[in-house]
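# Residue-level structural notes
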Amino acid sequence: MHTMWKGAISFGLVNIPIKLFAATENKDIKMRYLHEKCHSPVQYEKICPVCEETVDSKEIVKGYEYEPGKFVVVEKDELDELAGVSDKSIEIIDFIQLEEIDPIFYNRSYFVGPGENGTKSFALLKKAMEDTGKIGLAKFTLRSKEHLAAVRVYKNGLVLETIFYPDEVRNVDHVPGITDEVSLNEKELEMAKQLIEQLTAPFEPEKYEDEYREAVLELINSKISGDEVKVAKEKPKTNVVDLMEALQASINESKGKEPKKKETKKQKETAEKVSDEDKKTKKKKSTAKKKASSS
């Protein structure tokens, strides 16, 4: 596994070097958007609608929209200053019972592994938590965000689960249609309970699978084997040199002139030879003409 975070778990005066590894992975089938006409991937550019130009990432700043169309710009160094220097520490602030945290608070899971020289202290913390049945409630900073997290025993190791802060979980009372003022039929309620008991079974995660994802993969593989593959067209390449030559030729033609061709070495030698022969012929004719006039 790829180490995504290095630091330490601390509680009281105890400090345990650890590493974090992503415990889950998204296996959704990723599709790309293609142009239906030529099946080329569609590109998305950051364009300013006012300046009508593509914006480079270096020209982008962060801003908070406090009113429609009105922003306050917040610089990166200002945010860094507020965040402070990360101490790379997962600080356990309380030990609690696992049942006290409702599953709605859980966000993302990370495997926790011992860091250098931390194997013994890591094992000690795991065993102590296992024997007491407690989990650690901690705070730490990951990717410039302060997280609340639960550290608990998982099989033969530890797992850290980031959890939402209370104000990040919406109030269920705001869901439309929920009310306690509903009259229930006792006979119907007993039948519902009976049905639940009949469908009750031990949780065996390996027997569940994403049937839709498997069906999509099967469809994709059948299209590949059936030669239903679409090949994206390549963008035409413009040869600047050829274009310039073509333009120059057009200009010369419009002036009624033929573009001068470059002579080859052989053509040049032949021309020089013809020129020398012409000179000799002219010299002979001149000598003969002088003799005839003197006689």
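Look a little higher up for the structure.
### What about a negative patch on the surface?
- Where like charges cluster on the molecular surface, the negative patch consists of Glu75, Asp77, Glu78 and Glu81.
- The topology assignment puts glutamate 78 in helix H1 (residues 76–83).
- A relative accessible area of 39% means that glutamate 78 is categorised as partly exposed.

### Structural notes on the sheet that holds strand E2 (residues 14–22)
- A barrel is described by the order of its strands in space; here seven strands give the closed sequence E1-E2-E8-E11-E10-E9-E7, paired in mixed fashion. Geometrically, the sheet is characterised by an average inter-axis angle of 40° between neighbouring strands, direction not taken into account.

### What to know about the pattern of salt bridges
- Inspection of the entire model under this criterion finds nine salt bridges.
- For lysine 127, the salt bridge goes to aspartate 131, with nearest N and O atoms at 3.4 Å. You can see lysine 127 and its partner aspartate 131 sitting in helix H2 (residues 119–132), four residues apart, about one turn around the helix.
- Residue lysine 127 is classed as partly exposed on the basis of its relative accessible area, which comes to 46%.

### Some points on the nonpolar core
- In this structure, Ile9, Ile18, Leu20, Ile90, Val112, Phe140 and Leu160 are the most contacted members of the largest nonpolar core, which totals 19 residues.
- Residues contacting isoleucine 9, with those up to four places away along its chain left out, are Val14, Asn15, Ile16, Ile18, Ile90, Ile92, Val112, Leu125 and Val151.

### Overview of the packing of aromatic side chains
- Considering all chains together, one arrives at four aromatic pairs under this definition.
- Ring geometry for tryptophan 5 versus phenylalanine 140: centroids 5.7 Å apart, planes at 80°, classification edge-to-face. With tryptophan 5 in strand E1 (residues 5–11) and phenylalanine 140 in strand E9 (residues 134–142), the pair connects residues that are 135 residues apart, well separated along the chain. Here the two residues tryptophan 5 and phenylalanine 140 agree in accessibility, since each one is buried.
- Note on phenylalanine 11 and phenylalanine 95: the rings are 5.8 Å apart at their centroids and 85° apart in plane angle, and the pair reads as edge-to-face. Pair noted here: phenylalanine 11 is in strand E1 and phenylalanine 95 is in strand E7 (residues 89–97), with a separation of 84 residues, a long-range link.
- On the basis of relative accessibility, which here comes to 38%, the residue phenylalanine 95 falls in the partly exposed class.

### Focus: helix H4 (residues 211–225)
- A rise of 1.5 Å per residue sets the reference length of H4, with its 15 residues, at 21 Å; its end C-alpha atoms lie 21 Å apart and thus fit the reference within 8%.
- If you check the start of H4, you find a side-chain oxygen 3.3 Å away from the backbone N of tyrosine 212, and it comes from aspartate 210.
- Of the residues flanking the end of H4, it is aspartate 227, one or two places downstream, whose phi is positive at about 60°.

### Re the side chain of lysine 126
- For lysine 126, the location among the structural elements is in helix H2.
- By relative accessible area, which is 15% here, lysine 126 ends up buried.
- Other than its neighbours up to four places away in sequence, lysine 126 contacts Val153, Lys155, Asn156, Gly157 and Leu158.

### A short note on a nonpolar patch on the surface
- A contiguous nonpolar surface patch, about 410 Å² in accessible area, is contributed by Tyr33, Val42 and Tyr44.
- In this fold, valine 42 is placed in the loop between E2 and strand E3 (47–48).
- You can call valine 42 partly exposed: its relative accessible area is 36%.

Parameters and conventions
- Residues numbered from 1 in each chain as written.
- Predicted model: local features only at pLDDT ≥ 70, side-chain atom pairs only at ≥ 80, totals over all residues.
- Heavy atoms only, no water.
- Patch = residues over 30% accessible without salt bridge, like charges linked within 9 Å, V, L, I, M, F, W, Y side chains within 5 Å.
- Areas by Shrake-Rupley, 256 points an atom, 1.4 Å probe, with all protein chains shown as cover.
- Salt bridge = Lys/Arg side-chain N within 4 Å of Asp/Glu carboxyl O.
- Lys, Arg positive; Asp, Glu negative; His and termini not counted.
- Charge placed at Lys NZ, Arg CZ, Asp CG, Glu CD.
- Helix = DSSP H or I, 4+ residues; strand = E, 2+ residues; numbered from the N terminus.
- Buried < 20%, exposed > 50% of the residue type's maximum accessible area, 1.4 Å probe, protein only.
- Pairing = 2+ DSSP bridges.
- Axes fitted to C-alpha atoms, helices over the stretch in contact; angles between N-to-C directions.
- Core = buried A, V, L, I, M, F, W, Y, C linked by side-chain atoms within 4.5 Å.
- Contact = heavy atoms within 4.5 Å.
- Phe/Tyr/Trp six-rings, centres within 6.5 Å; stacked < 30°, edge-to-face > 60°.
- Expected span 1.5 Å × (residues − 1).
- Polar contact = N/O pair within 3.5 Å; in protein donor to acceptor, adjacent residues only side chain to side chain.

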